[in-house]
Amino acid sequence: SQQGEEDPQALSIQEGENATMNCSYKTSINNLQWYRQNSGRGLVHLILIRSNEREKHSGRLRVTLDTSKKSSSLLITASRAADTASYFCATDALYGNNRLAFGKGNQVVVIP
Amino acid sequence: EPEVTQTPSHQVTQMGQEVILRCVPISNHLYFYWYRQILGQKVEFLVSFYNNEISEKSEIFDDQFSVERPDGSNFTLKIRSTKLEDSAMYFCASSARTIASYNEQFFGPGTRLTVL
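Each chain carries its own residue numbering, running from 1 in the written order of its sequence. The order in which chains are written sets their letters, starting at A; the order in which ligands are written sets their numbers, starting at 1. Given that the model is predicted, a residue must reach a pLDDT of at least 70 before its local features are reported, and side-chain atom pairs must reach 80 or more before they are shown or counted; all residues, however, enter totals for whole chains, interfaces and linings. Side-chain descriptors were evaluated using all non-hydrogen atoms of the structure, hydrogens and water having been removed beforehand.

An account of the state of the cysteines is needed here, citing residue identities and associated values.
Working definition: a disulfide is two cysteine sulfur atoms within 2.5 Å of each other. Enumeration over the complete set of coordinates arrives at 2 disulfides over all chains. Covalently, Cys23(A) is tied to Cys89(A) through a disulfide, its sulfur atoms 2.0 Å apart. An S-S torsion of about 65° defines the bridge between Cys23(A) and Cys89(A) as right-handed. Taken together, the residues span a long stretch of sequence, with Cys23(A) in strand β3 (residues 19–24) and Cys89(A) in strand β9 (residues 85–93) at a distance of 66 residues. Exposure remark for Cys89(A): the relative accessible area of 0% places this residue in the buried category. The disulfide partner of Cys23(B) is Cys92(B), and the S-S distance across this bridge is 1.9 Å. Taking the torsion about the sulfur-sulfur bond, which here is approximately -65°, the covalent link between Cys23(B) and Cys92(B) counts as left-handed. Of the two residues, Cys23(B) is situated in strand β3 (residues 19–24) and Cys92(B) in strand β9 (residues 88–95); the sequence distance between them amounts to 69 residues. Relative accessible area decides the class of each residue, using a 1.4 Å probe on protein chains only: under 20% of the type maximum gives buried, over 50% gives exposed, and in between gives partly exposed. Residue class for Cys92(B) comes out buried when judged on its relative accessible area of 0%. Going along the chain from the N terminus, every DSSP run of H or I of four or more residues is numbered as a helix, and every run of E of two or more is numbered as a strand.

An account of the sheet that holds strand β8 (residues 75–79) of chain B is needed here, citing residue identities and associated values.
Residues and elements named next belong to chain B. For two strands to be treated as a pair, DSSP must find at least two bridges joining them. With antiparallel pairing, 4 strands are arranged side by side in an open sheet as β1-β3-β8-β7. In the strand order of this sheet, the two ends are held by β1 (5–7) and β7 (65–68), each with one partner. With strand direction ignored, the average angle separating the axes of adjacent strands in the sheet is 20°. In the sheet, β3 pairs with β8 via 5 bridges, with the strands oriented antiparallel. Directly across from Val-19, in β8, lies its bridge partner Ile-79. A fitted line through C-alpha atoms serves as each axis, taken over the contacting stretch for helices, and the angle formed by two N-to-C directions is quoted from 0 to 180°.

For the environment of Ser72(A), give the residues involved together with the corresponding values.
Residues and elements named next belong to chain A. In this structure, Ser-72 sits in strand β8 (residues 71–76). A residue is classified by how much of its surface remains accessible, and Ser-72, at 4% relative accessible area, is buried. Measuring from C-alpha to C-alpha, the distance between Ser-72 and Glu-15 comes to 24 Å, with 57 residues separating the pair along the chain. Here, two residues are considered to be in contact whenever any of their heavy atoms come within 4.5 Å of each other. Not counting residues up to four positions away in its chain, the partners in contact with Ser-72 are Met-21, Asn-22, Cys-23, Leu-32, Trp-34, Val-63, Thr-64 and Leu-65. For this analysis, a polar contact is any N or O atom pair within 3.5 Å, provided that within protein one partner can donate a hydrogen and the other can accept it, and provided that sequence-adjacent residues contribute only side-chain to side-chain pairs. At a separation of 3.2 Å, a polar atom in the side chain of Ser-72 contacts the side chain of Trp-34.

Account for the interface of chain B and chain A, with residues named and values stated.
Listed as interface residues are 24 residues of chain B and, on the opposing side, 24 residues of chain A. Summed over both partners, buried area is the accessible surface (1.4 Å probe) that two parts give up on being assembled. Across the chain B to chain A interface the summed buried area is about 1900 Å²; carbon plus sulfur atoms make up 50%. By definition, a salt bridge exists where a carboxyl oxygen of Asp or Glu is found within 4 Å of a side-chain nitrogen of Lys or Arg. Connecting chain B to chain A are 1 salt bridge. Linking Arg99(A) and Glu56(B) is a salt bridge whose minimum nitrogen-to-oxygen distance equals 3.0 Å. Our count for the chain B to chain A interface comes out at 9 residue pairs in polar contact (both at pLDDT 80 or more).

Could you give an account of the pairing of strand β4 (residues 29–37) of chain A, with specific residues and numbers?
All names here are of chain A. Among the 9 residues of β4, 7 are classified as buried, and the element is accordingly described as predominantly covered. Bridge analysis of β4 against β9 gives 8 bridges, and the strand direction is antiparallel. Across the sheet, Trp-34 pairs through a bridge with Cys-89, a residue of β9. Between β4 and strand β5 (residues 43–50), which pair antiparallel and follow one another directly, the connecting turn spans 5 residues, one of which, Gly-40, has a positive phi of 70°.

What follows is the structure, given as structure tokens:
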């Protein structure tokens, strides 16, 4: 079964608004990581949240993790046109030998 | 800031040919990975490598694939006889896997492989 399944949303928001995207997974994890991918480009590591953490902040990013619901959310506050990208969550399974399992990604378009 | 680099950025090859994709992981990292992303699909794990041997490989990583760390800096993925379905973006990643880093994996920019 696949881990790291985002809600398959395509978000289109105005610059300055907040963007929220969700991710659910199926098995126990060590941590969950969020990545950004600009069209056809590489994966940029955004933030890692450990299984014993509930919330983490990094600049304009806020990540939450609910291990009881096996879900995570990524909030981007005060969005900018440069935030336009696909966002992926990836889970590091508890007994998974460190392979990351990626979700399908959320496409976010920030309109200037 | 240190980063993972990959060469070439784009590789076009004929079906049945061998290709070697190259990666230079972050210098103090000890764990190395290859992933691939077929156009429009999820990023998929291929293989992990530590201490000069494969730690884990996925069902995708069959006998056509091999990895090597030929020297202290490079990490390569070889596909012996490419198939059309090998066309994808191939990403190399590395991690330090210290207690502090918790296996943050940092990815390179990818090599787009096109098999004709």
